Each structure stands twice: as structure tokens, then as C-alpha cells.
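Analysis of the macromolecular model
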Amino acid sequence: MGRWRPDARVRLMEAALALYGERGYDETTVAEIAERAGLTKRTFFRYFADKREVLFWGSELLEQQMVAAIEAAPASASALSMIGAALDAAAARFEEVREFVGLRQRIVASSRELQERELIKTSKLAAAVTAALRARGIDDDDAVLAARTGTTVMHFAFERWVDDPDRTPFQRIARDALARLKEIASAG
């Protein structure tokens, strides 16, 4: 019991990020991450399925928060208004982990494997948002279009937010992007 210290998940995440930053994602092993965190490989696998999941942990929470925001939107809300509420929920989550996501974004951008994983997670998020919109009575095609638009706006805003030297809140960047998209659509 001498090795036990609280926050094993956080320690593993910090160790992984440090090693990915120092050596690169591909060159880092689970054993090295566990050792850096002062834990065992077995402990690593209690928290993460593989070394990729260190970077994607919490995506289920993001999905749940975005879906909950859609569910809680007023009955009169349009599909894009519900997407706006979901983006606000994403903003709250992203702001909680702002320091982590900048480094995470650079690591993901450096690996095709991680970029593919990001696309899978985005697709899963879009499916969950689509289902939430359908449950709110939005037509099937409109729900798919709004959900995919929402995830595109989220990624567009995320890329700007991560690199923003002024540290503008994600919510403002995302809301501005959604408003710009509405203007573009109405001009056509």
C-alpha cells in the first residue's frame, strides 16, 4: 500500500502528456506512462483501455452534457438554438480543462492514429446529438444536418480557442461562429 496516492487517473494523464510531449505519442509506451506516474501497467489499464484513451477521456462526459443541454432547451427552441445550448455546455466543459486541451490538441495533430480516433469520437458525438434532437421532435434529416453542423462549429471554434492568445472564452467564439454560419446561410 506504500505506492498508493490519490488521483491515479490524473497522475497517469499528466505522465502521458509529459511523455507524449517529450518523446512523441508513437514512441511512448503504457509501461513508461505508468512508471512516470509511479503506478503499475495494471493500474493504467484500470483507468484507460489503451494509451490513446488518455487523450480522449472525458468525451463521454462532454457528450452527456451536450445532450442534457438539448433536453433542457425550451420547448419552442429551434434545432440551431438547441445546438447553441449544446455548444454552451461544451464551453463549460472545455473551460474546466483549458490547460490540458492545448497540449492534447498538438499531440492529436501529430498522429494520424489519433486524428482517426478524434473523427470516431466526433461521429459518436454527432450521433448522440442527432438522437437528442430527434427526441425533441426535430425531423430526421434536420436533426442530422443540425448535429453535424454543431460538431463542425464546435471544432472550428475549438481550433481558434486553443490558439487564441487573448484567451477568449470558448462560448463566445462558438456563439460567434454559429451566428456567422446563420448569416452565411441567410445570404444564400
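Since this is a predicted model, take the numbers as computed values, not measurements.

Turning our eyes to something else, we now look at the pattern of salt bridges. Tallied over the full model, the rule gives 16 salt bridges. When the shortest N-O distance is used, the salt bridge between aspartate 50 and arginine 117 registers 3.9 Å. Residue aspartate 50 is found in the loop between helix 3 (41–47) and helix 4 (53–56), and its partner arginine 117 is found in helix 8 (residues 112–135); the two are separated by 67 residues along the sequence. For aspartate 50, a relative accessible area of 19% translates into the label buried. The class of arginine 117 is buried, set by a relative accessible area of 16%. Here arginine 52 makes a salt bridge to glutamate 113, at a shortest N to O gap of 3.7 Å. Taken as a pair, arginine 52 in the loop between helix 3 and helix 4 and glutamate 113 in helix 8 lie far apart in primary sequence, 61 residues in all. When its relative accessible area of 22% is taken as the criterion, arginine 52 is described as partly exposed. On the accessibility criterion, glutamate 113 (34% relative accessible area) is partly exposed.

Right, let's talk about the nonpolar core for a bit. Of all hydrophobic cores here, the largest spans 58 residues; its most connected members are Leu55, Leu133 and Phe170. A total of nine residues in this core trace back to one element, the largest contributor, which is helix 6 (residues 79–96).

Outside of glycine, negative phi angles account for most residues, and trans bonds account for most peptide bonds. Phi is positive for arginine 167, close to 55°, though the residue is something other than glycine. The class for arginine 167 is partly exposed, based on a relative accessible area of 46%.

Three- or four-residue spacings in an α-helix give side chains the same orientation, since the helix completes a turn every 3.6 residues. Across its 18 residues, helix 10 (residues 170–187) extends 26 Å between first and last C-alpha, which sits within 8% of the 26 Å expected from 1.5 Å per residue. When we look at burial in helix 10, the residues that qualify are Phe170, Ile173, Ala174, Ala177 and Leu178. All buried residues of helix 10 fall inside an arc of 130° around its axis, so they share one side. Structural note: helix 10 exposes Glu183, Ser186 and Ala187 on the side pointing more than 90 degrees away from its buried face. Residues of helix 10 that are buried make contact with helix 6 and helix 9 (140–162).

Mapped onto the elements of the fold, glutamate 159 is located in helix 9. A C-alpha to C-alpha distance of 8.4 Å links glutamate 159 and glutamine 105, two positions 54 residues apart in sequence.

To continue, consider the side chain of threonine 28. Within the fold, threonine 28 resides in the loop between helix 1 (8–23) and helix 2 (30–37). Threonine 28 sits in the buried class, given a relative accessible area of 1%. Among the polar contacts listed, one links the side chain of threonine 28 to the backbone oxygen of leucine 19, at a separation of 3.5 Å. In terms of polar contacts, threonine 28 uses its side chain to reach the backbone carbonyl oxygen of glycine 24, at 2.8 Å. In this view, threonine 28 contacts Leu19, Tyr20, Arg23, Ile33 and Lys51; residues no more than four positions away in its chain are not counted.

Conventions and cut-offs
- Each chain carries its own residue numbering, running from 1 in the written order of its sequence.
- Selection of residues for local features in this predicted model requires a pLDDT of at least 70, selection of side-chain atom pairs for listing and counting requires 80 or more, and totals for whole chains, interfaces and linings are taken over all residues.
- No hydrogens and no water enter the side-chain calculation; it runs on all heavy atoms of the structure.
- A side-chain nitrogen of Lys or Arg and a carboxyl oxygen of Asp or Glu constitute a salt bridge if their distance falls within 4 Å.
- Helix and strand assignments follow DSSP, with helices taken as H or I runs no shorter than four residues and strands as E runs no shorter than two, numbered in order from the N terminus.
- Only protein chains enter the accessibility calculation, which uses a 1.4 Å probe; a residue whose area is less than 20% of its type maximum is buried, one above 50% is exposed, and one in between is partly exposed.
- Grouping buried Ala, Val, Leu, Ile, Met, Phe, Trp, Tyr and Cys residues that are joined through side-chain atoms within 4.5 Å yields what is termed a nonpolar core.
- Here a helix's expected span is defined as the number of its residues, less one, multiplied by 1.5 Å.
- Within this analysis, the arc is defined by the directions that extend from the helix axis to the C-beta atoms.
- Note on contacts: a residue pair is in contact if any heavy atoms of the two residues lie within 4.5 Å.
- For this analysis, a polar contact is any N or O atom pair within 3.5 Å, provided that within protein one partner can donate a hydrogen and the other can accept it, and provided that sequence-adjacent residues contribute only side-chain to side-chain pairs.

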